[in-house]
Amino acid sequence: MRIDGNDLMKQEIQASKAGNEDESWRLKQEFLKQVRDNGDHCSCPEACPHHGNCFECVTLHRGHQDHLPYCMWEMVNQKMKAISQLTEGSFCTRCQENQ
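Here's a quick rundown of the structure. (Residues numbered from 1 in each chain as written. Predicted model: local features only at pLDDT ≥ 70, side-chain atom pairs only at ≥ 80, totals over all residues. Heavy atoms only, no water.)

Right, let's get into the environment of Asn-38. Secondary-structure assignment places Asn-38 in the loop between α2 (21–37) and α3 (54–64). Between the C-alpha atom of Asn-38 and that of Arg-2, which follows or precedes it by 36 residues, the distance is 10.0 Å. Engagement of the side chain of Asn-38 in a polar contact is seen with the backbone oxygen of Gln-34, the distance being 2.5 Å. (Helix = DSSP H or I, 4+ residues; strand = E, 2+ residues; numbered from the N terminus. Polar contact = N/O pair within 3.5 Å; in protein donor to acceptor, adjacent residues only side chain to side chain.)

And the structure:
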């Protein structure tokens, strides 16, 4: 099962934004059921004692604040790329003219 960019969760966020909290809750619960029913979904290549246990993994990473869990790298990189593209000439028209 695909967790990142999951279609159910995309539908859930739309339902939430539209104010349909009952549908939002239903979609969240269905997504979580699918995650539980599909076994090991951990994308981390490390064979650590917390592999597949998101609660423990994320809690430990939050605790030491040294780096992000592997499963979050792609999402953060995508967000950072979008933010960095904003600064590459989009705010400074004089910079664009000099290129």
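Having seen the model, we can carry on.
It is worth spelling out helix α1 (residues 7–17) at this point. Inspection of α1 places Leu-8, Glu-12 and Ala-15 among the buried residues, and these make up the whole buried set. Seen from one end, α1 has its buried residues packed into an arc of 65°, which puts them on one side. In α1, the exposed positions angled more than 90 degrees off the buried face are occupied by Asp-7, Gln-14 and Lys-17. In this fold, the buried residues of α1 make contact with α2. (Buried < 20%, exposed > 50% of the residue type's maximum accessible area, 1.4 Å probe, protein only. Arc of directions from axis to C-beta. Contact = heavy atoms within 4.5 Å.)

Our focus in this paragraph is the pattern of salt bridges. All told, the structure shown has 3 salt bridges when counted by the stated rule. Linking Lys-28 and Glu-12 is a salt bridge whose minimum nitrogen-to-oxygen distance equals 3.9 Å. Taken together, the residues span a long stretch of sequence, with Lys-28 in helix α2 and Glu-12 in helix α1 at a distance of 16 residues. Between Lys-33 and Asp-37 there is a salt bridge, with the nearest N and O atoms lying 2.6 Å from each other. Taken as a pair, Lys-33 and Asp-37 lie in helix α2 at a separation of 4 residues, close to a single helical turn. Owing to a relative accessible area of 52%, Asp-37 belongs among the exposed residues under this scheme. (Salt bridge = Lys/Arg side-chain N within 4 Å of Asp/Glu carboxyl O.)

On to α2, then. Here α2 is 17 residues long and its end C-alpha atoms lie 24 Å apart, about the 24 Å a rise of 1.5 Å per residue gives. Residues of α2 that are buried: Ser-24, Leu-27, Phe-31 and Val-35. An end-on view of α2 places all buried positions within 75° of arc, on one side of the element. Opposite the buried face of α2, at more than 90 degrees from it, the exposed residues are Asp-22, Trp-25, Arg-36 and Asp-37. Where α2 is buried, its residues contact α1. (Expected span 1.5 Å × (residues − 1).)

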